[in-house]
Amino acid sequence: MTGSGSFMKLEIPSRSENEAFARVVVAAFVSRLDPTLEEISDIKTAISEAVTNAVIHAYEDRVGLIVIKASLEGNRLIVEIIDYGVGIEDIEQARQPFFTSKPELERSGMGFTIMENFMDEVSIRSEKGRGVAVTMSKSIRSRDPIPGLE
Amino acid sequence: MEVDLRQDGENLIVRLTGELDHHSATRLRRTIDRRLDKGEVRNLILNFQQVSFMDSSGVGVILGRYRRVKGRGGKMALCLIPAGILKVLEISGVPKIIPFMESEKQALEAVSQW
Ligand SMILES: Nc1ncnc2c1ncn2[C@@H]1O[C@H](COP(=O)(O)OP(=O)(O)OP(=O)(O)O)[C@@H](O)[C@H]1O
Ligand SMILES: [Mg+2]
């Protein structure tokens, strides 16, 4: 997460009112790459999914720490959402569309599927009882390609 | 998120304004359910025209209301869905079970066809 480009780090308590704040901060951070409205919308949605998961699943009824790190490498955004909560035992199962451990809360089990659809790459690391780190990346298309270089 | 409820016969029309995420979903769910529980309406229409953001929490609210309305023999339709939100709904398979209409009028027609 270092590299040559720019980077940011945000630490927030896992309260639901911070979900909007987190996605807006990352959208502002990536704005220097001049993303399209659709790219911004995709990024905001993916961030919202990961942060909401930390609020709902990682800490359940308590408030814990969520760390959001982002960096730009060339035209690529790399963003990592980290929590120190209960962790995920079976990551393959968690990634399945419609899998949710909280159907009683009306979760649809689509969070990871949406992240995978809206970002180029999504990787999940977790250890039971120690939290989750979700790393996602997305290349921002150049809107005005230099003639002859494409 | 702002929620505007209006009743049209046995139909409840809900106009949503703002961002629909986990934070706003809790109140939206409660507002709609309170009205459905009164038992005066049968069908539910959600108007998304003014919704600027939605994630999977919105999908959960929609499917949860669908189950309730259907359980009481009613119908549900969505209308005026912005492009940015359509993608989340399509990935989640919502169009396979709930019709998406172009206007409130069309949505009213969709829920009143038997
Ligand atoms: N940060 C996390 N900490 C612990 N468990 C998690 C975390 N993120 C996801 N999970 C687990 O992975 C499952 C799948 O997550 P996903 O976001 O795909 O669905 P969901 O959150 O259950 O539903 P939705 O995102 O549609 O509201 C969750 O139900 C939960 O069991
Ligand atoms: Mg989720």
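First, a word on scope: everything that follows refers to the structure included in this document. Here, residues in each chain are numbered from 1, in the same order as that chain's written sequence. Whichever chain is written first is A, and whichever ligand is written first is 1; the rest continue in order. Thresholds applied to this predicted model are a pLDDT of at least 70 for local features of residues and 80 or more for the giving and counting of side-chain atom pairs; totals over whole chains, interfaces and linings are not thresholded and use all residues. To obtain the side-chain values, all non-hydrogen atoms of the structure were included, while hydrogens and water were left out.

Re the overall build of chain B
Argument step 1. Across its full length, chain B carries 4 helices and 5 strands.
Argument step 2. In this description the radius of gyration comes from C-alpha coordinates, and the expected globular size is given by 2.2 Å times residues to the power 0.38. Relative to its length of 114 residues, chain B is compact, with a C-alpha radius of gyration of 13 Å against a globular reference of 13 Å.
Argument step 3. With the C-alpha coordinates of chain B rotated into their principal frame, the extents come out at 30 × 25 × 20 Å.
Argument step 4. A 1.4 Å probe rolled over the protein chains alone gives each residue an accessible area, and that area as a share of the maximum for its type sets the label: buried under 20%, exposed over 50%, partly exposed in between. The proportion of buried residues among the 114 residues of chain B is 50%.
Argument step 5. Contacts: residue pairs with any heavy atoms within 4.5 Å of one another. Put simply, of all contacts in chain B between residues at least 6 apart along the chain, 69% involve residues at least 24 apart.
Argument step 6. What sets the accessible areas is the Shrake-Rupley method with a 1.4 Å probe; for residues, cover comes only from the shown protein chains. Summed over its atoms, the accessible surface of chain B is roughly 5300 Å², and 47% of this surface lies on carbon and sulfur atoms.
Argument step 7. In chain B, which carries 18 positive and 14 negative side-chain charges, the distance between the mean positions of the two groups comes to 6 Å. Counting from the N terminus, the helices are the DSSP runs of H or I reaching at least four residues and the strands are the DSSP runs of E reaching at least two. For the charge count, each Lys or Arg is scored as positive and each Asp or Glu as negative, with His and the chain ends excluded. For the purpose of locating charges, the reference atoms are NZ of Lys, CZ of Arg, CG of Asp and CD of Glu.

A look at the interface of chain B and chain A
Argument step 1. Of the residues lining the interface, 20 residues belong to chain B; the matching set on chain A comes to 26 residues.
Argument step 2. For the pairing of chain B and chain A, the buried interface totals around 1800 Å² over both sides, and the portion due to carbon and sulfur atoms is 51%.
Argument step 3. A salt bridge links Asp21 of chain B to Arg23 of chain A; its shortest N-O distance comes to 2.9 Å.
Argument step 4. Of all the secondary-structure elements, those providing two or more residues to the side of chain B that touches chain A are α1 (22–37), β3 (43–54), α2 (56–71) and α3 (83–91) of chain B.
Argument step 5. The element that contributes the greatest number of residues to the side of chain B that touches chain A is α2 of chain B, accounting for 7 residues. Buried surface area refers to the total accessible area, computed with a probe of radius 1.4 Å, that the two partners give up upon joining, counted for both partners together. Any Lys or Arg side-chain nitrogen located within 4 Å of an Asp or Glu carboxyl oxygen qualifies as a salt bridge.

Some points on the side chain of Ser16 of chain A
Argument step 1. Position of Ser16 of chain A relative to the elements: it lies in the loop between β1 (7–13) and α1 (18–30).
Argument step 2. With relative accessibility at 19%, the residue Ser16 of chain A sits in the buried group.
Argument step 3. Polar side-chain contacts of Ser16 of chain A include one of 2.6 Å to the side chain of His23 of chain B.
Argument step 4. Beyond its immediate chain neighbours, meaning those up to four positions away, Ser16 of chain A contacts Val55 of chain A together with His22 and His23 of chain B. N or O atoms within 3.5 Å of each other form a polar contact, as long as, within protein, one can give a hydrogen and the other can take it, and as long as residues adjacent in sequence are counted only when both atoms are side-chain atoms.

Some points on the packing of helix α2 (residues 37–58) of chain A against helix α4 (residues 111–118) of chain A
Between two packed helices, both the angle of their axes relative to each other and the distance between the axes serve to describe the pair.
All names here are of chain A.
Argument step 1. Structural elements are reduced to axes, namely lines fitted to C-alpha atoms, with helices fitted over the stretch in contact, and the angle between N-to-C directions of any two is expressed from 0 to 180 degrees. The geometry of α2 relative to α4 is characterised by a closest axis approach of 9 Å and an angle of 150° between their N-to-C directions. When the axes of α2 and α4 are compared, the pair comes out roughly antiparallel. For the pair α2 and α4, the sense of crossing is left-handed. On α4, the residues that touch Asp42, Thr45, Ala46, Glu49, Ala50 and Asn53 of α2 are Gly111, Phe112, Ile114, Met115 and Phe118. An angle below 35 degrees is treated as roughly parallel, one above 145 as roughly antiparallel, one from 65 to 115 as roughly perpendicular, and anything else as oblique. With the far helix as reference, a near helix turned anticlockwise by less than a right angle produces a left-handed crossing, and one turned clockwise produces a right-handed crossing.

Quick look at the pairing of strand β3 (residues 76–83) of chain A
All names here are of chain A.
Argument step 1. Most of β3 is tucked away: 7 of the 8 residues are buried.
Argument step 2. Whether two strands pair comes down to DSSP finding at least two bridges between them. By the bridge criterion, 8 bridges tie strand β2 (residues 65–73) to β3 in an arrangement that is antiparallel. Considered in β3, the bridge of Lys69 is made with Glu80.
Argument step 3. Linkage of β2 to β3, two consecutive antiparallel strands, is achieved through a turn of 2 residues, within which Gly74 is found at a positive phi near 60°.
Argument step 4. Pairing geometry for β3 and strand β5 (residues 131–139), over 8 bridges, is antiparallel.

So, the sheet that holds strand β1 (residues 2–8) of chain B
Residue and element names in this part refer to chain B.
Argument step 1. Spatial ordering of the open sheet is given by β1-β2-β3-β4-β5, a layout of 5 strands whose pairing is mixed. The sheet is open, and its two borders are formed by β1 and β5 (100–101), each paired with just one other strand.
Argument step 2. Direction of pairing for β1 relative to strand β2 (residues 11–20): antiparallel, over a ladder of 7 bridges. Pairing of Leu5 across the sheet is with Val14, part of β2.

Things to note about the side chain of Asn11 of chain B
Argument step 1. Structurally, Asn11 of chain B is set in strand β2.
Argument step 2. Setting aside chain neighbours within four positions, we find Asn11 of chain B in contact with Arg6, Val41, Asn43, Leu108 and Val111 of chain B.

Let's talk about the sheet that holds strand β4 (residues 121–127) of chain A
Residues and elements named next belong to chain A.
Argument step 1. Pairing is antiparallel in the open sheet, where 5 strands are placed in the order β1-β2-β3-β5-β4. In this open sheet, the two edge strands, each paired with only one partner strand, are β1 and β4. Neighbour-to-neighbour, the strand axes of the sheet open up by a mean angle of 15°, direction not taken into account.
Argument step 2. Inspection of the sheet shows β1 paired to β2 by 7 bridges, in the antiparallel sense. In the sheet register, Phe7 faces β2, and the bridge partner there is Ser71.
Argument step 3. Contacts between α1 and the sheet are confined to β1, β2 and β3, with β1 contributing the most and set at about 175° to the helix.
Argument step 4. Helix-sheet contacts for α4 involve β4 and β5, and the interaxial angle to β5 is about 25°.

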